[in-house]
Amino acid sequence: MVRNPERRAALLDAAVEVLAREGARGLTFRAVDAEAGVPVGTASNYFADRDSLLHQIDARLKERLTPDPAVVEGLLESPKDRTLVMAFMRDLLARVTGDRTGYLAHLELRLEATRRPALHTSYTESVRGELEFGMRFHREAGLPGGDETVMVLYLAMQGLLLEHLTLPEVLDDALPGVTAPEGLMERIVETIVPEH
């Protein structure tokens with residue numbers, strides 16, 4: 001396998017675009033090569049097979065959707081209350097809406113994991129690891145609420161992000177006077193996270 005990290009990242013970003021736009025059935029090496037604007041056969045030099053490509057897309061999406069450490073550090077200077085949780089959720093919302101394609105590819109990986117046992121196993125471990133990291137971060141940062149708060153917040157935010165990035169009209173004026181997605185995100189945090 002070829003070892004050019006920049007080319008690999010560009011191919012993975014192209015694969016994310018294809019996956020988000022075409023779904024897993026459209027994710028072929030030829031489609032990735034075309035999206036990346038490289039000669040036919042390039043992607044197959046970097047990825048052993050389709051399963052390898054899917055696993056590496058997962059890793060690439062983590063890189064793309066992970067919060068900026070400097071932003072996290074800056075936010076953690078604030079009091080450890082519901083307002084800080086709200087700030088973290090605003091950052092999450094901004095990152096995901098800023099990389100809509102990445103999030104849609106993430107959803108496609110979830111769907112593909114229901115069809116591929118090997119991907120199901122590894123992707124479940126990956127997503128579960130992210131959830132456990134969130135719980136641990138919440139506890140260690142001294143944020144209000146415990147693991148149950150994080151779990152319910154996680155599930156509610158997943159629903160909000162899914163609707164906002166796939167069928168945003170569902171949320172328009174769903175609650176009179178509450179904007180989507182920002183106002184709905186605030187309501188989620190206010191409902192789930194204790195004040196102190």
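Residues numbered from 1 in each chain as written. Predicted model: local features only at pLDDT ≥ 70, side-chain atom pairs only at ≥ 80, totals over all residues. Heavy atoms only, no water.

(A) Focus on the overall build of the protein. A tally of regular secondary structure across the protein gives 10 helices and 0 strands. Secondary structure elements of the protein occur, N-terminal to C-terminal, as α-α-α-α-α-α-α-α-α-α. The principal-axis extents of the C-alpha atoms in the protein amount to approximately 55 × 35 × 30 Å. The long-range share in the protein, meaning contacts at least 24 apart out of those at least 6 apart in sequence, stands at 68%. For the protein, the computed accessible surface area is about 10700 Å², with 54% contributed by carbon and sulfur atoms. Put simply, the protein has 22 plus and 32 minus side-chain charges, and the middle of one group is 6 Å from the middle of the other. (Helix = DSSP H or I, 4+ residues; strand = E, 2+ residues; numbered from the N terminus. Contact = heavy atoms within 4.5 Å. Areas by Shrake-Rupley, 256 points an atom, 1.4 Å probe, with all protein chains shown as cover. Lys, Arg positive; Asp, Glu negative; His and termini not counted. Charge placed at Lys NZ, Arg CZ, Asp CG, Glu CD.)

(B) How the structure looks around the nonpolar core. In this structure, L27, I57 and L153 are the most contacted members of the largest nonpolar core, which totals 52 residues. Of all the elements, helix α1 (residues 5-22) adds the most residues to this core, at 8 residues. Those residues in contact with L27, other than ones at most four positions away along the chain, are A15, V18, L19, V32, R50, L53, L54 and I57. (Core = buried A, V, L, I, M, F, W, Y, C linked by side-chain atoms within 4.5 Å. Buried < 20%, exposed > 50% of the residue type's maximum accessible area, 1.4 Å probe, protein only.)

(C) Geometry of the pattern of salt bridges. Under the definition given, this model contains 14 salt bridges. For R95, the salt bridge goes to D91, with nearest N and O atoms at 2.9 Å. Here R95 and its partner D91 are both found in helix α6 (residues 82-98), 4 residues apart, which amounts to about one turn of the helix. Looking at R95, the relative accessible area reads 21%, which means it is partly exposed. D147 is the salt-bridge partner of R139, the closest N and O atoms lying 2.5 Å from each other. Exposure remark for D147: the relative accessible area of 32% places this residue in the partly exposed category. Here the salt bridges share partners, and the residues they tie into one network are D13, R60, E63, R64 and D99. (Salt bridge = Lys/Arg side-chain N within 4 Å of Asp/Glu carboxyl O.)

(D) Expanded view of the packing of aromatic side chains. The tally for this structure, following the rule as stated, stands at 3 aromatic pairs. When the centroid spacing of 6.4 Å and the interplanar angle of 45° are considered together, the rings of Y46 and F47 count as tilted. For the ring pair F88 and F137, a centre distance of 5.5 Å and an interplane angle of 85° mean the geometry is edge-to-face. Of this pair, F88 sits in helix α6 while F137 sits in helix α8 (residues 117-141), and the two are 49 residues apart along the sequence. Residue classification places F137 among the partly exposed positions, given a relative accessible area of 23%. The rings of F88, F133 and F137 are connected pair by pair, giving a single aromatic cluster. (Phe/Tyr/Trp six-rings, centres within 6.5 Å; stacked < 30°, edge-to-face > 60°.)

(E) Just helix α10 (residues 182-192), in detail. All of the buried residues in α10 are G183, L184, M185, I188, V189 and I192. Tucked into the core, α10 has its buried residues touching α6 and α9 (147-166).

(F) Quick look at the environment of F88. When its relative accessible area of 11% is taken as the criterion, F88 is described as buried. Setting aside chain neighbours within four positions, we find F88 in contact with V72, L75, L76, F137 and L143.

(G) Region of interest: the packing of α8 against α9. For the pair α8 and α9, the least separation of the axes is 9 Å and the interaxial angle reads 130°. Put simply, α8 runs oblique to α9. α9 is crossed by α8, and the crossing has right-handed handedness. Contacts between α8 and α9 pair V127, L131, G134, M135, H138 and R139 from the former with D147, V150, M151 and Y154 from the latter. (Axes fitted to C-alpha atoms, helices over the stretch in contact; angles between N-to-C directions. Parallel < 35°, antiparallel > 145°, perpendicular 65-115°, else oblique. Left-handed = near helix turned anticlockwise from the far one by under 90°.)

(H) Expanded view of α1. An ideal rise of 1.5 Å per residue puts 26 Å on 18 residues; α1 measures up with 25 Å between its terminal C-alpha atoms. Tucked into the core, α1 has its buried residues touching α2 (29-36), α3 (42-46), α4 (50-65) and α7 (100-113). For α1, the N-terminal capping position is held by N4, with its side-chain oxygen 3.1 Å away from the main-chain nitrogen of E6. Just past α1, the residue G23 takes up positive phi, approximately 80°. (Expected span 1.5 Å × (residues − 1). Polar contact = N/O pair within 3.5 Å; in protein donor to acceptor, adjacent residues only side chain to side chain.)

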